[in-house]
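Chain and residue survey
The chain contents come next:
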Amino acid sequence: MKTPLDAFWMPFTPNRQFKTQPRLVADAHGIVYVTPEGREVLDGISGLWCVGAGHRHPRIAEAMKRQIDRLDFASSFQVGHAGAFELAERIGSLAPPGLDRVFLVNSGSEAVDTALKIALAHARATGQGQKNLFIGRERAFHGVGFGGIAVGGMTNNRRAFGGAMLRADHLASTWDPSTQAFVRGQPLDGGVAMANELERLVTLHDASNIAGVVIEPFAGSTGVLVPPVGYLQRLREICDQHGLLLIFDEVITGFGRLGEMFAAQALGVVPDMIVFAKTVTNGAAPMGGVIVRRELHDAVMQGPQHLSELMHGYTCSGHPLACAAALAQMDVLQEEQLPARVRALAPQFESIVHALADAPGVVSIRNLGLAAGIELAPDPSGPGQRGARAQVAAFDRGVLTRAPGDTLILAPPFISSTDDIQRMADRLRLAIEDTAQPET
Ligand SMILES: Cc1ncc(COP(=O)(O)O)c(C=O)c1O
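Residues numbered from 1 in each chain as written. Predicted model: local features only at pLDDT ≥ 70, side-chain atom pairs only at ≥ 80, totals over all residues.

1. Brief notes about the domain arrangement of the protein
- When the domains of the protein are assigned, the result is domain 1 (15-53 + 337-434) and domain 2 (62-335).
- For domain 1 and domain 2, the distance between their C-alpha centres works out to 26 Å.
- Contact residues are listed per partner, giving 31 residues for domain 1 and 32 residues for domain 2.
- Counting only elements with at least two residues in the side of domain 1 that touches domain 2, the list comes to helix 2 (46-49), helix 15 (338-354), strand 11 (362-368), strand 12 (371-376) and strand 14 (407-410).
- In terms of residues, the side of domain 1 that touches domain 2 owes the most to one element, helix 15, which gives 7 residues. (Domains from an automatic or database assignment. Contact = placed C-beta atoms within 7 Å. Helix = DSSP H or I, 4+ residues; strand = E, 2+ residues; numbered from the N terminus.)

2. Some points on the sheet that holds strand 9 (residues 273-276)
- With respect to topology, 7 strands assemble into an open sheet ordered 4-10-9-8-7-5-6, the strand pairing being mixed. Of all the strands in the sheet, the pair left with one neighbour each is strand 4 (99-105) and strand 6 (168-171). The mean angle between the axes of side-by-side strands here comes to 20 degrees, regardless of whether they run parallel or antiparallel.
- Bridging between strand 8 (residues 245-249) and strand 9 involves 3 bridges; their strand directions are parallel. Bridge assignment links D249 to a residue of strand 9, and that residue is V275.
- Running at roughly 135 degrees to strand 4, helix 4 (residues 82-94) makes contact with strand 4 and strand 10 (288-293) of the sheet. (Pairing = 2+ DSSP bridges. Axes fitted to C-alpha atoms, helices over the stretch in contact; angles between N-to-C directions.)

3. Notes on the pairing of strand 11
- With 5 of 7 residues buried, strand 11 lies mostly within the body of the structure.
- When strand 11 meets strand 12, the two strands line up antiparallel, connected through 6 bridges. Residue pairing in the sheet places I365 in a bridge with I374 of strand 12.
- The hairpin formed by strand 11 and strand 12 contains 2 residues between the paired strands, and G369 there has a positive phi angle of roughly 55 degrees. (Buried ≥ 20, exposed ≤ 12 C-beta atoms within 10 Å, placed from the backbone.)

4. Topic: the sheet that holds strand 13 (residues 399-400)
- An order of 1-2-3-13 is seen for the 4 strands of this open sheet, with the pairing classed as mixed. For this open sheet the edge positions go to strand 1 (27-29) and strand 13, each flanked by a neighbour on one side alone.
- Set on the sheet, helix 17 (residues 418-434) makes contact with strand 3 (40-43) and strand 13; between it and strand 3 the angle comes to about 110 degrees.

5. Remarks on the packing of helix 15 against helix 17
- For the pair helix 15 and helix 17, interaxial distance at closest approach is 10 Å and the crossing angle is 20 degrees. Relative to helix 17, helix 15 is oriented roughly parallel. Note on packing geometry: the crossing formed by helix 15 with helix 17 is right-handed. Taken together, the residues of helix 17 that come into contact with helix 15 (itself represented by L345, Q348, F349, I352 and V353) are T418, I421, Q422 and A425. (Parallel < 35°, antiparallel > 145°, perpendicular 65-115°, else oblique. Left-handed = near helix turned anticlockwise from the far one by under 90°.)

6. Some thoughts on the pairing of strand 10
- Burial runs high along strand 10: 6 of the 6 residues are buried.
- Inspection of the sheet shows strand 4 paired to strand 10 by 6 bridges, in the antiparallel sense. Looking across to strand 10, one finds that V105 is bridged to G288.
- The pairing of strand 9 with strand 10 spans 4 bridges and is antiparallel. Residue pairing in the sheet places F276 in a bridge with G289 of strand 10.

7. Quick notes on the nonpolar core
- In terms of nonpolar packing, the biggest core is built from 130 residues, with V275 and A325 touching the most fellow members.
- Shared between two domains, this core holds at least three residues of each, these being domain 1 (15-53 + 337-434) and domain 2 (62-335).
- Excluding residues within four positions of it along the chain, A325 makes contact with I60, A63, M64, T281, N282, A284 and A285. (Core = buried A, V, L, I, M, F, W, Y, C linked by C-beta atoms within 7 Å.)

8. Things to note about unusual backbone geometry
- Even without glycine at this site, F255 takes up a positive phi of about 70 degrees.
- Taking the C-beta count within 10 Å as the criterion, F255 has 28 such neighbours and is therefore assigned buried.
- With phi around 45 degrees, K278 is a residue other than glycine that occupies positive phi space.
- For K278, the location among the structural elements is in the loop between strand 9 and strand 10.
- With 27 C-beta atoms counted inside 10 Å, the residue K278 sits in the buried group.

9. Some points on the site of the ligand
- By nearness alone, 15 residues border the ligand, and S107, G108, S109, G143 and V251 come closest of all.
- When residues in the shell around the ligand are grouped by element, the largest group, 3 residues, is from helix 5 (residues 108-125).
- Residue classes in the shell around the ligand are distributed as 5 nonpolar, 8 polar and 2 charged. (Near = placed C-beta within 6 Å. Nonpolar A, V, L, I, M, F, W, Y, C, P; charged D, E, K, R; others polar.)

10. Details of helix 4
- Over its 13 residues, helix 4 runs 19 Å from end to end, which matches the ideal 18 Å to within 8%, given 1.5 Å per residue.
- Residues of helix 4 that are buried include every one of G83, A84, L87, A88 and I91, and no others. Looking straight down helix 4, one finds that the buried residues subtend no more than 130 degrees of arc, so they occupy a single side. Pointing more than 90 degrees away from the buried face of helix 4 are the exposed residues A82, E89 and S93.
- Of the surrounding elements, those touching the buried residues of helix 4 are strand 4, strand 10 and helix 14 (320-335). (Expected span 1.5 Å × (residues − 1). Arc of directions from axis to C-beta.)

And the structure:
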């Protein structure tokens, strides 16, 4: 690429290092990216957990082309267009019964902050305005808004920004390396005991002060940390007992990754709000949102008729192009039965990723649905170095992965075949072997 790389301050990227050794893509189709030199790189992380239906799905591309020629932009502030209403109705019909009011935004981070605001607004609307503390979890990622980093549990994402700007406390992570290192799917033991920690936090802070509990069904961005069986069920019970809202951040799991539309359905626990983004448009346009239990929504619908009930929203909330992409994606997910395809593929995916256990330095492998984390022993120089080297090596070997710390993520598109997944794993193995020796 001839264009200088200096001006674009890249997100979540070591800019100085990247720009000495850039990894660029120019085209994509199905499960592959193509570099400017024409080399194919298998998309082992669905773009960034987005492209479940595969790149450049014709149905989505056509819907967006039709939309741009008809209505390019309309705000949703006191004016509306059919696509946003149709999409909200459609998403509500796919969510667990009772959750059918949908607020649209443009990213997962915005969606998390929106859910937190809805919880606070609901507390006020029901005469419980003192409920302004949230419970999150260590090692959780809830995006990069100030609300999201407060309830999130990733130290590096908070350190430079004044820590928590919203009152939050945290459950411990569900990750237990002593018993879970090579567990397949959900660990069987310890779920209820881990969730009972919420009781301790409720006793400490008192339920009357807690606005909600925010949880990723499994922690994705910190390396696929899968909660044991019974954990989410027990959290739900404790929330019910104490009148706490339970918010699932399904930015990664929403729209098929666990073999159902939502993790709530795959794991059999229904929260009060579901936060989504990414796969809702197959990554073709930025969009996120919050699916809200109807009673919560209705409780907030008060105040003078001429005033907005929730003083919140974004210029591009319900953007026509994103709505067109999302509506087409709903058709694709349903007509091509992609969640069922994930269910069918998941056992083979599990066998293929766990076969990497004998690659050099692999210390743990976790998986659920079409998501896996393959953790490598850190280099003696410190955590994260081996993961970073392996991520670069994987790109050179022809598979796109991501490495939070020393864990390599594999989260292929739902349309992948078993052979595709095997090829991804083979290339990942080569990258792991390439980086077996610490850099001198
Ligand atoms: C669980 C979770 N929540 C929120 C986000 C933030 O989404 P975005 O990057 O679209 O703001 C992510 C992104 O990966 C995520 O995994």
